[in-house]
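An overview of the molecular structure
What follows is each chain in one-letter form.
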Amino acid sequence: MFLTRASSVARRQSAALSRFKTTLAIRRETINVWERRAPLAPHHVKDIVDTGVNVLVQPSTRRAYYMQEYEEVGAVITEDISSATHIIGVKAPEPEELIEDKCYAFFSHTIKAQPEGMPLLDEMLRKNITLLDYEKMTNEDGTRNVAFGHYAGVAGMINVLHGLGLRMLSLGVTSPFLHIGLAHNYATVADVVPVLHRIGESMKKYKLPKVIAPLTFSFTGSGNVSQGARSIFEHLPHEYIEPTEMKQAALEGDPSICYATVLRRSNSMERIDGKPYSADDYNMNGDLYKNIFAEKVAPYTTCLVNGLYWEAPAPRVLSDEDAVRMFGKGSQAKNNIMRGIPQIPHKMLAISDITCDIGGSIEFSKEPTTVGSPFQLYDPKTRTVHSDFSRDGVMVMSIDNLPCQLPREATEYFGDCLMPHLADFLSLTHDESILSQANNTSPCISRAIITNQGDLAPDYKYISLLRKEQELQRIAETAGARSLTSKEYRSDNKRVLLLGSGLVSEPVVEYLTRSADVRITIGSNDEAQATALASKYRNTVPQHLDVGDRRNLSNEIAKHDLVISLLPATMHAFVAELCIDARRNMLTASYASDQMRKLGTRAAQKGVILFNEIGLDPGIDHLMAMNLFDDIKQNNGTVESFESFCGGLPAPQFTNNPLRYKFTWFPKGVVTNALSDAKYLKDGKEVVVESGTLMQCARPFEVMPGFNLECYPNRDSTIYKEAYGIEAAHTVLRGTLRYKGYSMAMDTLIQLGFFKSDKMDLSGYSWANLTKQLLGNRSMSHQECKKKLLTLFSGDRFRASTIVKLGLLDNDNIPAGIDNPMDALVEKISSSLMLPEDETDVIIMNHSVGVRLPSGKCETHRSNMVVYGEEGGWTAMCKTVGLPVGIAAEMIMNGEIKERGLVLPFTKEIYKPMLKKLELEGITERREVESEDL
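Residues numbered from 1 in each chain as written. Predicted model: local features only at pLDDT ≥ 70, side-chain atom pairs only at ≥ 80, totals over all residues. Heavy atoms only, no water.

1. Some words on the overall build of the protein
Of the regular secondary structure elements, the protein holds 31 helices and 34 strands. If you line up the protein on its principal axes, its C-alpha atoms span 105 × 75 × 45 Å. Residues counted as buried form 57% of the 934 residues belonging to the protein. For the protein, restricting intrachain contacts to residue pairs at least 6 apart in sequence, the fraction spanning at least 24 positions comes to 70%. When the accessible surface of the protein is summed, it comes to about 39,200 Å², and 48% of that surface belongs to carbon and sulfur atoms. (Helix = DSSP H or I, 4+ residues; strand = E, 2+ residues; numbered from the N terminus. Buried < 20%, exposed > 50% of the residue type's maximum accessible area, 1.4 Å probe, protein only. Contact = heavy atoms within 4.5 Å. Areas by Shrake-Rupley, 256 points an atom, 1.4 Å probe, with all protein chains shown as cover.)

Shown next as structure tokens:
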């Protein structure tokens, strides 16, 4: 019979194996001295050999089974396994041990691009190897089919009972638990059962001392690990109770028995807002829940047995802060034994962290322990571990290879799990695509194929991207960026994913990296630009990232705490959706689009911050306006009108072109804004500016005459009447500043047709051809073209000369790939009108507020801000967009922003501290008041 668990399955697998000729080899385990397991027990091998499959076994005197046991069932003991077609083991071999053109199966520890596993992965790819990783042999729901979890639970429970005996003795209390050994002291689980029964008899006869009794156990999780641990615990005198009953049991329970509770999601998770728990709601909104264990169960638990699968952002079972609260007050037992009876400092004495998820559900489980040294005492006051169990703190066991302590039974269990899938694995041959074969035979096998005949399988291509991140970090370090220390890589680091590596990115990085606990990943498709920026600042690494790759971007977002998007505004909603799915906060300087506003409700339900409008305009304009309104209202003034204008411009001495403008950010955004519609409130009436007519609304801006400016409305100003809390205002207008002449030049281009985005075949066109085509005749002469321009603009030479001075009558060809006038215009002016490095820019902002005082008197309150770029340094635009973003990011990570969902900077908790921090960066306003009497 091929299988031990079901004869029908056995016959089916036997028939499947008999259809092909193959040789299976079981390699020897070499990873460490305690690894005595095998993937198959001798009786499994017999079932395989009986089907006609050859089985080779590498010799090993460390293996828990004798070589003779395998030989007796028909296996061949041989060092040379090169004739095998398929080779299996438990753990990974050394890279040099791999044999070319084989199918392997083992736990590889490569799927997260773990650095220590990459030499092995490279060798598998080089040697044309197909790898089946047991860890990924799952059902569609993610449940693992092949694992050692049950025996991890069994060994973890035996060990922690032994550890409890040691911990209690160190505190001055003897107990029968001293008589149980570590798991590897027993050949089988059956051997430990009589010891447990004797402990139980002693408890019943003599009871445990009241200073520690009754013993209470909390089991987390309900899967194989938890079930395995409980199968050992249940040999002690025990009673299962609900979590809510633990307090009474700890205070009043019977000292001759052990009490236990099983913490499942349904009885350990509570919604923060008090709503009832539901499994579907938790799966969707896990971050809206809290784990009640630390608060309501842990204080009454002697031993925590942790078998919980955990992943961020789910609530932890115990955090570092919980440890300080529970174990950090200091031991009252030390030097305080009166009449031989000590005082125990706290109820919880030991934790068996069977999952060994470092920094995970038990946050202070910082490093694995070993079979040879299984326990350590964690001191939360110093956040250090010790081998002296009499010190302050809690004993923790976190062995990462527990099943190897019970190698024979663990092998039996594992082999039983593997056998139903072995025929499908052995049917794979290198004669054709292995992945195709697996897809046709077994989805479980297909999901577990990591390398497919010397190439990464499609589902695991992401490993290359993770490795690229590591390589880019190494490049950055070589280029001069300081490498991160182990302390800076701590799990409590604040991890930021910055999307975009353009000009505005540097002030963000510079500001955030002033804090040693912030780690930044710069995600960009411009590898050279990202690497150059990362090389300037500590704790910063570049990452080549295609934001259009949803899966890759989603993986990156999940690794970080905060995502800052400095991408074009049209991409923010896409990024925001992924952030919400991953429950990660997001920050952007751009206006909150309708799409972002719609996402706000879902973000709030998930506890996610989507912080928008926190650059310059929008951003600093909001902060200064709200602060100005506060001051006015404190003097009982009423805001009757509000006009706000802002512009990013070249410094006045660098305005030598028809637009009087040069680009310091995304050129197409500037150009397309000229086509925007607008809406504002003027003297109580709503004014609507239709798309295409915005430039015709420009008027002189006389408030700051030294700059020779003009202004025009921007977007929908009416929404800010409510947002700003100035409901009494009859005029609300937000707009843009430019030097005089800009609007006429842009309107000229609009009227000529350069703002059209209709597809055109521009192959072979020169700039002059395009201009003439827009005028109606591509073949006209230059002279005829100039005359027609003058006629079109009624003899206005400024308008006509705009076309000439912008190079739109040049004979150079339009670059290939451009297929519409709008993109052609952007290409032309962005290449010639970007602000050069040896020129500077200026940001000009003005708020003018009409105020009526209680006396009836009217005043105009003004706030002016002028910021110049630094010659050879940051532009004013970079500084005034990037620094607010950096400050807002800092506030989010420090927990200063409590609001969830769509967040705008309109509350005092945001704009007051932000203005103070901006002032420290040299970004300030100048106030003035003009009375109507003047």
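On we go from here.
2. A look at the packing of helix 19 (residues 550-558) against helix 20 (residues 572-582)
Viewed as axis vectors pointing N to C, helix 19 and helix 20 meet at an angle of 50°, and their least axial separation amounts to 9 Å. Relative to helix 20, helix 19 is oriented oblique. The interaxial crossing formed by helix 19 with helix 20 has right-handed handedness. Between helix 19 and helix 20, the contacting residues are Arg550, Leu553, Ser554, Ile557 and Ala558 on the first element and Phe574, Val575, Glu577, Leu578, Cys579, Asp581 and Ala582 on the second. A breakdown of the residues in the contact of helix 19 with helix 20 according to their chemical character gives eight nonpolar, one polar and three charged. (Axes fitted to C-alpha atoms, helices over the stretch in contact; angles between N-to-C directions. Parallel < 35°, antiparallel > 145°, perpendicular 65-115°, else oblique. Left-handed = near helix turned anticlockwise from the far one by under 90°. Nonpolar A, V, L, I, M, F, W, Y, C, P; charged D, E, K, R; others polar.)

3. A closer look at unusual backbone geometry
The phi torsion of most residues other than glycine is negative, and most of the peptide bonds are trans. In this structure, Pro214 follows Ala213 across a cis peptide bond, with omega equal to -5°. Among the structural elements, Pro214 can be located in the loop between helix 6 (189-206) and strand 7 (216-220). Cis geometry marks the peptide bond from Asp617 to Pro618, where omega comes out at 15°. Take Pro618: it is sitting in the loop between strand 23 (609-611) and helix 22 (620-634). Not every positive phi belongs to a glycine, and Glu613 is a case in point at roughly 60°. Locating Glu613 in the fold gives a position in the loop between strand 23 and helix 22. Glu613 gets classed as buried once you look at its relative accessible area, which sits at 1%.

4. Considering the environment of Tyr277
Note on placement: Tyr277 falls in the loop between strand 10 (269-271) and helix 10 (279-284). Between the C-alpha atom of Tyr277 and that of Tyr289, which follows or precedes it by twelve residues, the distance is 8.6 Å. When sequence neighbours within four positions are dropped, the list of residues in contact with Tyr277 reads Arg265, Ser266, Met269, Tyr282 and Tyr289.

5. Some remarks on the sheet that holds strand 5 (residues 103-107)
Across the sheet, seven strands lie side by side as 3-2-1-4-5-6-17; this open sheet has mixed pairing. The sheet is open, and its two borders are formed by strand 3 (76-77) and strand 17 (449-451), each paired with just one other strand. Two strands pair when backbone bridges link them, and strand 2 (residues 54-57) and strand 3 are joined in this way by two bridges, in the parallel orientation. Across the sheet, the residue bridging to Val57 is Ile77, located in strand 3. (Pairing = 2+ DSSP bridges.)

6. Observations regarding the packing of aromatic side chains
Any two aromatic rings considered together are summarised by their centre-to-centre distance and by the angle between their planes. Evaluated as defined, the whole model comprises 22 aromatic pairs. A ring pair is formed by Tyr134 and Phe414, whose centres lie 5.0 Å apart and whose planes are at 80°; its orientation type is edge-to-face. Of this pair, Tyr134 sits in the loop between strand 6 (130-132) and helix 5 (149-170) while Phe414 sits in helix 13 (residues 407-426), and the two are 280 residues apart along the sequence. Grouping residues by exposure puts Tyr134 and Phe414 together as buried. When the centroid spacing of 5.7 Å and the interplanar angle of 65° are considered together, the rings of Tyr151 and Tyr413 count as edge-to-face. Of this pair, Tyr151 sits in helix 5 while Tyr413 sits in helix 13; the two residues are 262 residues apart in sequence, bridging distant segments of the chain. You can call Tyr151 buried: its relative accessible area is 12%. (Phe/Tyr/Trp six-rings, centres within 6.5 Å; stacked < 30°, edge-to-face > 60°.)

7. Considering the sheet that holds strand 23
Backbone hydrogen bonds hold the strands of a sheet together, and the pairing may be parallel or antiparallel. Across the sheet, seven strands lie side by side as 20-19-18-21-22-23-33; this open sheet has parallel pairing. A strand with exactly one partner marks an edge of an open sheet, and here the two such strands are strand 20 (540-544) and strand 33 (901-903). On average, adjacent strands in this sheet sit at an angle of 20° to one another, irrespective of strand direction. Pairing of strand 18 (residues 494-499) with strand 21 (residues 562-565) involves four bridges; the strand directions are parallel. Considered in strand 21, the bridge of Leu499 is made with Ser565. Packed on one face of the sheet, helix 18 (residues 527-534) meets strand 19 (518-524) and strand 20 and runs near 175° to strand 20.

8. Comments concerning the nonpolar core
Core analysis: the biggest nonpolar cluster contains 111 residues, and Leu40, Tyr134, Met157, Leu161, Phe217 and Phe425 have the highest contact counts within it. The next biggest cluster of nonpolar side chains, apart from the first, holds 72 residues, and it includes Leu533, Ile620, Ala889 and Ile910. (Core = buried A, V, L, I, M, F, W, Y, C linked by side-chain atoms within 4.5 Å.)

9. Focus on the side chain of Ser863
Examined against the element boundaries, Ser863 turns out to sit in strand 32 (residues 858-868). Its relative accessible area of 1% is what places Ser863 among the buried residues. Side-chain polar atoms of Ser863 contact the side chain of Glu925, separated by 2.3 Å. Setting aside anything within four residues of it in sequence, one finds Ser863 in contact with Met624, Leu628, Met845, Asn846, His847, Glu925, Arg926 and Arg927. (Polar contact = N/O pair within 3.5 Å; in protein donor to acceptor, adjacent residues only side chain to side chain.)

10. Topic: the pattern of salt bridges
Enumeration over the complete set of coordinates arrives at 43 salt bridges. The salt bridge involving Glu123 is made with Arg126; its shortest N-O contact spans 2.9 Å. In this pair, Glu123 and Arg126 both sit in helix 4 (residues 118-126), three residues apart, roughly one turn of the helix. Arg126 gets classed as exposed once you look at its relative accessible area, which sits at 57%. For Asp459, the salt bridge identified is with Arg551, shortest N-O distance 4.0 Å. (Salt bridge = Lys/Arg side-chain N within 4 Å of Asp/Glu carboxyl O.)

11. Some points on helix 29 (residues 821-832)
Here helix 29 spans 17 Å end to end across twelve residues, near enough to the 16 Å set by a 1.5 Å rise per residue. All of the buried residues in helix 29 are Pro821, Met822, Ala824, Leu825, Val826, Lys828, Ile829 and Ser830. The inward-facing, buried residues of helix 29 abut helix 23 (667-673), helix 25 (742-752) and helix 26 (767-775). (Expected span 1.5 Å × (residues − 1).)

12. Some thoughts on a negative patch on the surface
Judged by side-chain charge, Glu239, Glu242, Glu245 and Asp254 come together as a negatively charged surface patch. Tracing the backbone through its elements, the reader meets Glu239 in strand 8 (residues 238-240). (Patch = residues over 30% accessible without salt bridge, like charges linked within 9 Å, V, L, I, M, F, W, Y side chains within 5 Å. Lys, Arg positive; Asp, Glu negative; His and termini not counted. Charge placed at Lys NZ, Arg CZ, Asp CG, Glu CD.)

13. So, the confidence of the model for the protein
Counting all residues, the mean pLDDT for the protein is 86, and 91% of those residues have values of 70 or more. Low pLDDT, under 50, characterises residues 1-20; the stretch is placed with 35 contacts to residues that sit more than four places away or in other chains. (pLDDT = per-residue confidence, 0-100.)

14. Observations concerning the pairing of strand 9 (residues 258-263)
Of all six residues that make up strand 9, six are buried, and the element is covered over most of its length. Burial along strand 9 is two-sided: Cys258, Ala260 and Val262 and Tyr259, Thr261 and Leu263, pointing in opposite directions, are all buried. Relative to strand 9, strand 7 is paired through five bridges, and the arrangement is parallel. Counterpart to Phe219 in the pairing with strand 9 is Val262.

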